[in-house]
Amino acid sequence: MTEVYNAKKAAPRGQAKAERIARYGARRFEKYAAQRKAGQRDLGPASVAHLESLLSIHLLPLLGSRRMDTFDHKVVEGFLLTLERGGVGLAAQANAFDKPKAILLDADRLGLFDDNPVAGVPLRERQRAVLQQRHRRAVRAADWSGESEDGPPNTGRRWTTRRSTASSSDPSPGARRP
């Protein structure tokens, strides 16, 4: 008896999900993104221009022909790797990643995916920025350690030039001091 009740209770929900998957799953990313963009009423003119630019330059050439039910985390990671290999800057990568992330989260809420395709996909921006910062610090340290021809010897302090009036205790005005 409880099996029959549970089957009847689950049937409409399962049927509605199956209809959504049949309706939206076969739709191409390009059509789904256009429909979602049309449904966003609160976008200003600059935001619409920015979204259209990202769609036409980064998203649609790489993802536009893909069916919505074929997205998984490997597709999203491949998209990010393609952007990195194409020399797209970090800020543009982050902006370009935000748009398919929002679109795919919307599709996930509709029930098109068993697993969220953007869950666990790392954006390498933070790692790369930390490495660049460490590299800049290493270059500065090498410049100040005496390894560079232009830098002062390694004393652990920065050297500055002082300009003061000549006095008996200061024999050479403008000389470098620690």
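Quick look at the structure, then. Here the structure is a predicted model, which is why all the values come from computation and not from measurement. (Residues numbered from 1 in each chain as written. Predicted model: local features only at pLDDT ≥ 70, side-chain atom pairs only at ≥ 80, totals over all residues. Heavy atoms only, no water.)

## A closer look at the overall build of the protein chain
The helix and strand inventory of the protein chain stands at six helices and two strands. Expressed as a percentage of the 178 residues in the protein chain, the buried residues total 21%. Taking the intrachain contacts of the protein chain between residues at least 6 apart in sequence as the baseline, contacts between residues at least 24 apart amount to 59%. Of the roughly 12,600 Å² that the protein chain leaves accessible, carbon and sulfur atoms contribute 50%. (Helix = DSSP H or I, 4+ residues; strand = E, 2+ residues; numbered from the N terminus. Buried < 20%, exposed > 50% of the residue type's maximum accessible area, 1.4 Å probe, protein only. Contact = heavy atoms within 4.5 Å. Areas by Shrake-Rupley, 256 points an atom, 1.4 Å probe, with all protein chains shown as cover.)

## Some points on the packing of helix α2 (residues 29–39) against helix α3 (residues 45–63)
Contact pair α2 / α3: the axes reach a minimum separation of 10 Å and the direction vectors enclose 160 degrees. As summarised for this structure, α2 and α3 are arranged roughly antiparallel, according to the angle between their axes. Remark: the crossing between α2 and α3 carries right-handed chirality. Between α2 and α3, the contacting residues are Phe-29, Glu-30, Ala-33 and Lys-37 on the first element and Leu-51, Glu-52, Leu-55, Leu-59, Leu-60 and Leu-63 on the second. In terms of residue class, the contact of α2 with α3 is made up of seven nonpolar, no polar and three charged. (Axes fitted to C-alpha atoms, helices over the stretch in contact; angles between N-to-C directions. Parallel < 35°, antiparallel > 145°, perpendicular 65-115°, else oblique. Left-handed = near helix turned anticlockwise from the far one by under 90°. Nonpolar A, V, L, I, M, F, W, Y, C, P; charged D, E, K, R; others polar.)

## Quick word on the packing of aromatic side chains
Applying the stated criterion across every chain, the model contains two aromatic pairs. Ring geometry for Tyr-24 against Tyr-32: centres 6.1 Å apart, planes inclined by 90 degrees, an arrangement best described as edge-to-face. Aromatic pair Phe-29 and Phe-71: ring centres 5.6 Å apart, planes at 50 degrees, arrangement tilted. Pair noted here: Phe-29 is in helix α2 and Phe-71 is in the loop between α3 and α4 (73–85), with a separation of 42 residues, a long-range link. Both residues of the pair, Phe-29 and Phe-71, count as buried. If you follow Arg-66 out to its NZ or CZ, it ends over the ring of Phe-71, 5.9 Å from the centre. (Phe/Tyr/Trp six-rings, centres within 6.5 Å; stacked < 30°, edge-to-face > 60°. Lys NZ or Arg CZ within 6 Å of the ring centre and 35° of its normal.)

## Observations concerning the nonpolar core
Phe-29, Met-68, Phe-71, Phe-79 and Leu-104 are the most contacted members of the largest nonpolar core, which has 26 residues in total. Listed by contribution, the elements that provide at least two residues to this core are α2, α3, α4 and α5 (90–110). Those residues in contact with Leu-104 that lie beyond four places of it in its chain are Met-68, Phe-71, Val-76, Phe-113, Pro-117 and Val-118. (Core = buried A, V, L, I, M, F, W, Y, C linked by side-chain atoms within 4.5 Å.)

## A look at the packing of α2 against α5
Contact pair α2 / α5: the axes reach a minimum separation of 11 Å and the direction vectors enclose 90 degrees. Considered as vectors, α2 and α5 are oriented roughly perpendicular to each other. Touching Phe-29, Tyr-32, Ala-33 and Arg-36 of α2 are Pro-100, Ala-102, Ile-103, Asp-106, Ala-107 and Leu-110, all from α5.

## Side note on the pattern of salt bridges
Within this structure, the stated rule accounts for three salt bridges. A salt bridge links Arg-36 to Asp-106, with the nearest nitrogen and oxygen atoms 3.9 Å apart. Taken together, the positions of Arg-36 in helix α2 and Asp-106 in helix α5 put the pair 70 residues apart, joining distant regions of the chain. You can call Arg-36 partly exposed: its relative accessible area is 23%. A salt bridge links Asp-69 to Arg-67, with the nearest nitrogen and oxygen atoms 2.9 Å apart. (Salt bridge = Lys/Arg side-chain N within 4 Å of Asp/Glu carboxyl O.)

## Quick look at α3
Along α3, the helix axis deviates most sharply at Leu-55, where the bend reaches about 45 degrees. Those residues of α3 lying buried are Leu-51, Leu-54, Leu-55, His-58, Leu-59 and Leu-63. On its buried face, α3 sits against α2, α4 and α5. (Bend = angle between axes of the 7 residues up to and from the residue.)

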